[in-house]
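# Chain and residue survey
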Amino acid sequence: MTTYGTNPTSANDLAPKLEYITRANDQQNVRPGLATRRSWKQMLDLHSFNFPRKIATVITRIKANTVYFQTNYTIVVLFSVFLSLVWNPLSLLILLAIIGAWLFLYFLRDEPLTVFDREIDHRVVLMAMSVLTLSILFLTDAKLNIAVAIVAGVAVVLSHAAVRKTEDMYQNEDETSRLLP
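Residues numbered from 1 in each chain as written. Predicted model: local features only at pLDDT ≥ 70, side-chain atom pairs only at ≥ 80, totals over all residues. Heavy atoms only, no water.

## Brief notes about the side chain of Arg61
Our working definition: For helices the rule is a DSSP run of H or I covering at least 4 residues; for strands it is a run of E covering at least 2, with both sets numbered from the N terminus onward. Only protein chains enter the area calculation, which uses a 1.4 Å probe; residues under 20% of their type maximum are buried, those over 50% are exposed, and those in between are partly exposed. The charge count treats Lys and Arg as positive and Asp and Glu as negative. His and the chain ends do not count. Between Lys or Arg on one side and Asp or Glu on the other, a salt bridge is scored when a side-chain nitrogen of the former is within 4 Å of a carboxyl oxygen of the latter. Any two residues having at least one pair of non-hydrogen atoms within 4.5 Å are treated as being in contact.
Along the chain, Arg61 turns up in helix α4 (residues 55-68). It is Glu167 that comes nearest to the buried, bridge-free Arg61 among opposite-charge side chains, at 5.0 Å. When neighbours within four sequence positions are excluded, Arg61 is seen to be in contact with Asn50, Phe51, Pro52, Ala161, Ala162, Val163, Arg164, Lys165 and Thr166.

## Considering the nonpolar core
To be explicit about the condition: The set of buried Ala, Val, Leu, Ile, Met, Phe, Trp, Tyr and Cys residues whose side-chain atoms join them within 4.5 Å is what this entry labels a nonpolar core. Residue ranges for the domains originate in an automatic or database domain assignment.
One finds Val81, Leu85, Trp102, Tyr106, Leu137 and Ile146 to be the most contacted residues of the largest nonpolar core, which totals 18 residues. Mapped onto this core, the elements with two or more residues apiece are α5 (70-84), α6 (89-107), α7 (122-138) and α8 (143-163). Sorting elements by how many residues they give to this core places α6 first, with six residues. When residues are assigned to domains, this core turns out to be shared by domain 1 (54-87 + 144-166) and domain 2 (89-141), each giving three or more. Residues in contact with Leu137, not counting those within four places in the same chain, are Val81, Leu85, Ser91, Ile94, Leu95, Ile98 and Ile146. Counting seven residues, the second largest nonpolar core, distinct from the first, contains Met43, Phe69, Val157 and Met169.

## Here we look at the environment of Arg123
Here Arg123 lies in helix α7. The sequence separation of Arg123 and Gln70 amounts to 53 residues, and the corresponding C-alpha distance is 10.0 Å.

## Considerations on unusual backbone geometry
A positive phi angle, close to 55°, is found at Phe116, a residue other than glycine. Note on placement: Phe116 falls in the loop between β1 (113-115) and β2 (118-120). One non-glycine residue, Asp117, adopts positive backbone phi at about 60°. Structurally, the position occupied by Asp117 is in the loop between β1 and β2. On the basis of relative accessibility, which here comes to 77%, the residue Asp117 falls in the exposed class.

## A short note on the UniProt feature "transmembrane region" (unreviewed entry) in the protein
For the record, the criterion: UniProt positions are given in the numbering used here, feature names are shortened, and annotations may be inferred rather than shown by experiment.
Per the UniProt record, "transmembrane region" (unreviewed entry) is annotated on residues 67-86, 92-108, 120-140 and 146-163. This span, residues 67-86, is 85% helix and 0% strand, and a straight line between its end C-alpha atoms measures 30 Å. In the segment residues 92-108, helix accounts for 94% and strand for 0%; the C-alpha atoms at its two ends are 21 Å apart.

## Looking at the packing of α5 against α7
Working note: a packed helix pair is described by the angle between its axes plus the distance between those axes. Note the threshold: Angles run from 0 to 180 degrees between N-to-C directions of axes, and those axes are lines fitted to C-alpha atoms, restricted for helices to the stretch in contact. For classification purposes, an angle smaller than 35 degrees is called roughly parallel, one larger than 145 roughly antiparallel, one from 65 to 115 roughly perpendicular, and anything else oblique. Three classes are used, and their members are as follows: Ala, Val, Leu, Ile, Met, Phe, Trp, Tyr, Cys and Pro are nonpolar, Asp, Glu, Lys and Arg are charged, and the others, Gly among them, are polar.
Between α5 and α7, whose axes approach to 13 Å, the crossing angle comes to 5°. Here α5 is positioned roughly parallel relative to α7, judged by the angle of their axes. Between α5, through Gln70, Thr74 and Val81, and α7, the contact on the second element is made entirely by His122, Arg123, Leu126 and Leu137. Grouping the amino acids of the contact of α5 with α7 by side-chain chemistry returns three nonpolar, three polar and one charged.

## Things to note about the pattern of salt bridges
Counted by the stated rule, this structure contains one salt bridge. Of the charged contacts, one joins Arg123 and Asp121 as a salt bridge, the two residues approaching to 2.7 Å between their closest N and O atoms. The class for Arg123 is exposed, based on a relative accessible area of 52%. Since its relative accessible area comes to 33%, Asp121 is described here as partly exposed.

## As for the packing of aromatic side chains
Spelled out, the test is: Under the pairing criterion, centres of Phe, Tyr and Trp rings, with the six-membered ring standing for Trp, must be within 6.5 Å; the plane angle then separates stacked pairs below 30 degrees from edge-to-face pairs above 60, leaving the rest tilted. Over a ring means this: the NZ of a Lys or the CZ of an Arg is within 6 Å of the ring centre and within 35 degrees of the ring normal.
On inspection of all chains with the given rule, the structure shows four aromatic pairs. With 5.8 Å between their ring centres and 90° between their planes, Trp102 and Tyr106 make a pair best called edge-to-face. Of this pair, Trp102 and Tyr106 are both found in helix α6, four residues apart, which corresponds to roughly one turn of the helix. Accessibility classification places Trp102 together with Tyr106 in one group, the buried group. Directly above the aromatic system of Tyr68 lies the positively charged group of Arg38, at a separation of 4.0 Å from the ring centroid.

If you want it as structure tokens, here you go:
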């Protein structure tokens, strides 16, 4: 006996189908998925900025800050691309669909992505999604807008990473962990 096309008779029949939607709406699952996103207040703290005196310091800061604020920087670049596509509706709709994929595959994930029983590292997902996003958007008529937005986003990210001190990055986490039971 098949049940294709029939209405479910109990809540238990609906449970597996609604699990993904429930997980997406559950704040307890969203928070760990966004755990790598640092506080914007911490990222933009004016007391944490100063201009480095040596190129070696600039390189060290860029390396440390890009690792520490990786998710924030990804959001900054994606937001820059979003703003560049406001006047190109088709590209904007495509970008919104891609952002949905970003949310599902990268930002809201509380466990590693598994494909064919193999865990995929978050950096691989980041690179694959970046290439996919750029490839699809470059097929639209907004190539120049996208290129300028990416350059502007990367310039903002590198500028922030170069002038943001790294000494106090983990200070807020230590204070938070002391307050939690």
